[in-house]
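Residue-level structural notes
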Amino acid sequence: MTPHETELTAETQTALERADAAHRHEALFSERAHNIRQSAVRDVFDISIRPGLVSLAGGSPSLTRLPLGLVAETAQRVIMDHGMEALHYGGGKGTLALRELICEIMAEEGILGASPEDVVVTTGSQSAQDIAAKVFCNPGDVVLAEDPTYVGALNTFEAYQVRVEPVGMDEDGLVPELLEARIAELEAAGATIKLLYTIPSFNNPSGITLAAERRQQIVDICREHNILVLEDNPYGMLRFDGKPLAPLRADNPDDVIYCGSFSKIFSPGVRLGWALVPKHLYRRFYLAAEAVVLCPSMLNQMLVTEFFHSFDWRAYLAESRAVYAERCAAMLHALGEHFPAEATWTTPSGGFFVWVTLPDGIDTYPLLHESIEAGVVFIPGAAFTPSDAPSSKLRLAFSGVAPEQIREGVRRLAPVVRAAVEA
Ligand code: PMP
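This section reports on the structure supplied with the text. (Residues numbered from 1 in each chain as written. Predicted model: local features only at pLDDT ≥ 70, side-chain atom pairs only at ≥ 80, totals over all residues.)

**Structural notes on the overall build of the protein**
A tally of regular secondary structure across the protein gives 13 helices and 14 strands. Against the globule reference of 22 Å for 423 residues, the protein gives a C-alpha radius of gyration of 23 Å, in line with a compact fold. Expressed along its principal axes, the backbone C-alpha trace of the protein runs to roughly 70 × 55 × 55 Å. Going through the 423 residues of the protein one by one, you find that 43% of them count as buried. (Helix = DSSP H or I, 4+ residues; strand = E, 2+ residues; numbered from the N terminus. Rg over C-alpha atoms; globule rule 2.2 N^0.38 Å. Buried ≥ 20, exposed ≤ 12 C-beta atoms within 10 Å, placed from the backbone.)

Here it is as structure tokens:
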């Protein structure tokens, strides 16, 4: 036997053993684990970005203006001055200093007087959603969500065997009458509705914002039906002009769990976000958080706290808003120039996304293949609904791509869209 043959045999042996283990362990999976799967349409997020491809797919923040020297200096200072603490375990709620900073940030967003005692630092907003699902939802319970909604939240809720029920939006966001009707219908069918998961400002994927005059109405409807509001607001501070709209949490401290994030205003890599939790729910919430992570990364918490204290984050956010506003304008202009008249799209006033609607009957998922051939990638609308039903919509992210690339991406996508419209 040559050495090459020996190697192959060993490899085959390993593969056979693994196949056997996989077969035996299949029976051990929880029911929940069977729900943790990505559908084909959601797999689009994993498309490898080949050189030359313009990606209008992922909603990445632009990090190019971050002062990396200052980040590095801060990291070094944190380690040299507070190394023993920074490299150690900490409390499950997060450090007091970071929770105080978070309250300052929320005040800027319009949540005044929040107490650090009501904040749980999390591993991003994504993990706050996971904790909420874990704390409130039994298999079969219903979570209401905007139609369309954030794909990551769908994946989280589905992992807890929750039924996500979409509620319609118009250009002013979630429609209160549709919410009431949906609740009535579900209650009549005996469903247990636990949460309304909502992204009121610059919804991912649609870019739509819930109008100020609807905000209290939505919370009141939920309160009446004993449904908690889970407000996810990672983009709230990225309004292109004017002040951010007051979050639903602002005037409703007992009925809304608010999720915030450092991912879009600073860095997704530090994996830090937070939940502002009503006092009467706080203990359960943070104990559940602690059960997963023990404590959020001390090093990253201290880095973020020190960094925010040592640079003008308000000015940085103002610059970020200008960058995203310019990118959004470039995308809207390019769409107007290149897309056929049959296509319509949203005009976001902040955030990362434009939502394009093609005529009924066109499924945007199969168009993806041709669009990749044409050198551009987007996310088909079906990814943002619980059913993954065919959708004539598509999400275009303008946040992480320079204006000239945005224009090029839209220019490449236009013939694919035109061909689908004319077919
Ligand atoms: N919620 C929404 C609406 C998002 O768009 C995202 C990220 N794309 C998240 C939550 C996840 O944020 P984080 O990085 O804070 O976990």
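**Brief notes about the pairing of strand β4 (residues 163–170)**
Where strand β3 (residues 142–147) meets β4, six bridges bridge the pair, whose relative direction is parallel. What sits directly across from L144, in β4, is E165. A crossover connection joins β3 to the parallel β4 through helix α6 (residues 151–159); in handedness this β-α-β unit is right-handed. Sheet topology places β4 next to strand β5 (residues 173–174); two bridges connect them, and they run antiparallel. Paired with D170 across the strands is G173, a residue of β5. (Pairing = 2+ DSSP bridges. Right-handed = clockwise from strand over helix to strand, strands pointing away.)

**A few points about the sheet that holds strand β6 (residues 193–198)**
Read across the open sheet, the eight strands follow the order β2-β9-β8-β7-β6-β3-β4-β5; overall the sheet is mixed. For this open sheet the edge positions go to β2 (119–122) and β5, each flanked by a neighbour on one side alone. Sheet topology note: the β3/β6 ladder contains four bridges and is parallel. Bridge pairing links A145 to Y197 in β6. Lying over the sheet, helix α4 (residues 96–109) contacts β2, β8 (256–261) and β9 (273–276), oriented at roughly 105 degrees with respect to β2. (Contact = placed C-beta atoms within 7 Å. Axes fitted to C-alpha atoms, helices over the stretch in contact; angles between N-to-C directions.)

**Comments concerning helix α13 (residues 403–422)**
Across its 20 residues, α13 extends 28 Å between first and last C-alpha, which sits within 8% of the 28 Å expected from 1.5 Å per residue. The largest bend along α13 reaches roughly 30 degrees and is located at A414, with the proline P415 sitting one to four residues downstream. All of the buried residues in α13 are I406, G409, V410, L413, V416, V417 and A420. Buried-residue contacts for α13 involve β1 (54–55), α11 (313–338), α12 (367–373) and β12 (376–377). (Expected span 1.5 Å × (residues − 1). Bend = angle between axes of the 7 residues up to and from the residue.)

**As for helix α7 (residues 176–188)**
Residues three or four positions apart in an α-helix share a direction because the helix packs 3.6 residues into each turn. Between its first and last C-alpha atoms α7 spans 18 Å; for 13 residues at 1.5 Å apiece the expected length is 18 Å, and the two agree. At the exit of α7 stands G190, carrying a positive phi of roughly 85 degrees.

**Considerations on the packing of α11 against α13**
For the pair α11 and α13, the least separation of the axes is 9 Å and the interaxial angle reads 25 degrees. By the angle class used here, α11 and α13 are roughly parallel. The handedness of the crossing between α11 and α13 is right-handed. Contacts from E326, R327, A330, M331, A334, L335 and H338 of α11 reach α13 at P403, I406, R407, V410, R411 and A414. Residue composition of the contact of α11 with α13, grouped by class: eight nonpolar, one polar and four charged. (Parallel < 35°, antiparallel > 145°, perpendicular 65-115°, else oblique. Left-handed = near helix turned anticlockwise from the far one by under 90°. Nonpolar A, V, L, I, M, F, W, Y, C, P; charged D, E, K, R; others polar.)

**Overview of the site of the ligand**
Near the ligand you find 14 residues, and of these G124, S125, Q126, S261 and S263 are the closest. Ranked by residue count, the leading element in the shell around the ligand is helix α5 (residues 124–136), at three residues. Residues of the shell around the ligand, tallied by class, amount to four nonpolar, nine polar and one charged. (Near = placed C-beta within 6 Å.)

**Thoughts on the nonpolar core**
V143, A275 and L396 are the most contacted members of the largest nonpolar core, which totals 111 residues. Excluding anything up to four places from it in sequence, L396 contacts L56, M331, F353, V354, V356 and F378. (Core = buried A, V, L, I, M, F, W, Y, C linked by C-beta atoms within 7 Å.)

**A few points about the sheet that holds strand β13 (residues 379–380)**
One open sheet accounts for four strands, arranged β10-β11-β14-β13; its pairing is antiparallel. With partners counted over all chains shown, the strands left at the sheet margins are β10 (344–345) and β13, one partner each. Bridge analysis of β13 against strand β14 (residues 393–397) gives two bridges, and the strand direction is antiparallel. Each residue of the ladder has a partner; that of P380, found in β14, is L394.

**Observations regarding the environment of A374**
Checked against the element boundaries, A374 lands in the loop between α12 and β12. Counting along the chain gives 300 residues from A374 to T74, while the straight-line C-alpha distance between them is 43 Å.

**Let's talk about unusual backbone geometry**
A cis amide bond links D147 with the next residue in sequence, P148, at an omega value of 10 degrees. Here P148 shows up in the loop between β3 and α6. Across the junction of N204 and P205, the peptide omega takes the value 20 degrees, indicating a cis bond. In this structure, N226 is a non-glycine residue whose phi angle is positive, near 55 degrees. Mapping N226 onto the fold places it in the loop between α8 (212–224) and β7 (228–232). Residues other than glycine seldom take positive phi values, yet R271 does so here, at roughly 50 degrees. In this fold, R271 is placed in the loop between β8 and β9.

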